[in-house]
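Letter by letter, the chains look like this.
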Amino acid sequence: MSSVFRDGLLNGKVAFVTGGGSGICLRVAERFAEQGAKVALVGRTQEKLDGAVAGIHRAGGEASGFAADVRNYEALAGALQKTRERYGAIDVVLCGAAGNFPAPALGMSANGFKAVIDIDLLGTFNTCRAAYEHLRKPGASVIAISATHGFRPIPLQAHVCAGKAGIDILIKTLAIEWGGAGVRLNVISPGPVEDTEGMRRLAPTEEIRNKVAASIPLGRFASKDEIADLAVFLSSDAAAYITGGIFVCDGGQSLTGASFAALLQRP
Ligand code: COA
């Protein structure tokens, strides 16, 4: 699906995308590149990043891949530095790296809980903290990919719920602290998104996916394009006065109180 925006909305901008090797964040990176941004992708596996970069190049965009784990502050700072050296600036930062596995709290070790908190929450803090000195100001935009988990409890997802709630309040806090420097920070909070690793883990069968879709007022999962278009808007100058917002993009699912709760197996 082609973008709903006029061409070149992000011309001249440089975007740094964690979790950009696959899934929602790769689709965001592709959309950023389509709109004229130069894009740096960060993920744990260089090979995966190379494939993603090649795809963006084939489509006529500009991209580079720098391997780093968002849990490792120094590695992340190094990837930001390389991005700055290659493209001269960083205007847009998307914090998207995330981890997930379905398990009851009693079925996960302290280390399992910590693994997800470290990737999602600490990883978002590390990305924002390390990126600040590079962000061109004013007009810089940071977007964190959270989930509706951040404001509604979902069984088998205690680690993710805690991590996403932390991301939501972290970004609001930074929006206050960094507003004076002209840096805007916002959160995108998706519900179920089709064709993602997260949904393959949470809704592994057709039967569960159909039940989840039936719980959504718009009657279907989001596409990755729909999340990416929201990211394009929030990173563009059209959103120049928007900061500290949580943008729920879930087809209305969270309005109804429906969730995976009734669908997931009890421990
Ligand atoms: N149930 C219970 N515990 C689990 C688990 C599961 N399904 N999967 C992993 N864990 C636990 C491990 O047992 C380990 O704890 P332990 O040391 O006490 O045994 C802990 O989580 C860390 O596992 P490990 O595989 O070493 O961590 P990692 O850092 O390599 O991977 C994960 C992090 C677990 C989040 C992994 O699922 C991942 O890398 N995910 C990225 C992709 C992804 O989740 N995408 C969807 C995003 S929405």
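Refer to the structure printed above.
Scoring rules and cut-offs
Residues numbered from 1 in each chain as written. Predicted model: local features only at pLDDT ≥ 70, side-chain atom pairs only at ≥ 80, totals over all residues. Heavy atoms only, no water. Core = buried A, V, L, I, M, F, W, Y, C linked by side-chain atoms within 4.5 Å. Buried < 20%, exposed > 50% of the residue type's maximum accessible area, 1.4 Å probe, protein only. Helix = DSSP H or I, 4+ residues; strand = E, 2+ residues; numbered from the N terminus. Contact = heavy atoms within 4.5 Å. Salt bridge = Lys/Arg side-chain N within 4 Å of Asp/Glu carboxyl O. Near = heavy atom within 4 Å. Polar contact = N/O pair within 3.5 Å; in protein donor to acceptor, adjacent residues only side chain to side chain. Areas by Shrake-Rupley, 256 points an atom, 1.4 Å probe, with all protein chains shown as cover. Nonpolar A, V, L, I, M, F, W, Y, C, P; charged D, E, K, R; others polar. 1 Å grid on protein atoms, 1.4 Å probe; cavity = no way out; pocket = protein on both sides within 12 Å on 5 of 7 lines; lining within 4 Å. Points joined across faces, edges and corners; volume = space filled by probe spheres on them. Disulfide = S-S within 2.5 Å. Axes fitted to C-alpha atoms, helices over the stretch in contact; angles between N-to-C directions. Parallel < 35°, antiparallel > 145°, perpendicular 65-115°, else oblique. Left-handed = near helix turned anticlockwise from the far one by under 90°.

Of all hydrophobic cores here, the largest spans 32 residues; its most connected members are V17, F32, V39, L41, L94 and I188. Those elements that provide at least two residues to this core are β1 (14-18), α1 (23-34), β2 (38-43), α2 (46-58), β4 (92-95), β5 (141-145) and α8 (224-235). Top contributing element to this core by residue count: α1, with seven residues. Discounting residues that sit within four places of it in the chain, V17 has contacts with C25, A29, F32, V39, A40, L41, V42 and L94.

So, about the pattern of salt bridges. Applying the stated criterion to the full structure yields 17 salt bridges. As a salt-bridge pair, R31 and D225 come within 3.5 Å of each other at their nearest N and O atoms. Here R31 is found in helix α1, whereas its partner D225 is found in helix α8, with 194 residues between them in sequence. Accessibility assignment for this pair places R31 and D225 in one class, buried. One salt bridge in this structure joins D195 and K224, with 3.3 Å as the shortest N-O distance. One end of the pair, D195, is in the loop between β6 (184-190) and α6 (197-202); the other, K224, is in helix α8, with 29 residues separating them in the sequence. We classify D195 as exposed; its relative accessible area is 52%. Among the charged side chains, a network of salt bridges with common partners joins R27, E30, R31, E34, D225 and D229.

Lining the immediate surroundings of the ligand are 16 residues, of which R44, R71, N100, S109 and N111 lie closest. Within the side chain of R71, an N or O atom sits 2.7 Å from an oxygen atom of the ligand. In this structure, an oxygen atom belonging to the ligand sits 2.5 Å away from a side-chain N or O atom of S109. Relative to its free-state accessible area of 930 Å², the ligand is covered by the protein chains to the extent of 56%. Considering every element that reaches the shell around the ligand, the biggest residue donor is helix α4 (residues 110-131), with four residues. Taken together, the residues of the shell around the ligand break down into five nonpolar, seven polar and four charged.

Another aspect to go through is the side chain of R27. Within the secondary structure, R27 is located in helix α1. Classification of R27 by relative accessible area gives buried; the value is 15%. Excluding residues within four positions of it along the chain, R27 makes contact with E34, K224, D225 and A228.

The final tally for this structure, using the stated rule, is one cavity of 30 Å³ or more. A volume near 30 Å³ is recorded for the largest cavity. What lines the largest cavity is simply T18, V70, C95, G96, A97, I119, D120, G123, T124 and T127. Within the lining of the largest cavity, the residues separate by chemical class into four nonpolar, five polar and one charged.

Where two cysteines share a covalent bond between their sulfur atoms, that bond is called a disulfide. Within this structure, the stated rule accounts for zero disulfides. Between C25, a cysteine without a disulfide, and C95, which holds the nearest cysteine sulfur, the sulfur-to-sulfur distance is 9.4 Å. Since its relative accessible area comes to 5%, C25 is described here as buried. No disulfide involves C95; its sulfur sits 3.9 Å from that of C128, the nearest cysteine. We classify C95 as buried; its relative accessible area is 3%.

This paragraph deals with the packing of helix α3 (residues 73-87) against α4. At a minimum axis distance of 9 Å, the contact between α3 and α4 shows a crossing angle of 45 degrees. What the angle tells us is that α3 and α4 run oblique. Crossing hand, α3 versus α4: right-handed. Contacts from Y73, L76, A77 and L80 of α3 reach α4 at G123, N126, T127, R129, A130 and A131. Counted by class, the contact of α3 with α4 contains six nonpolar, three polar and one charged residues.

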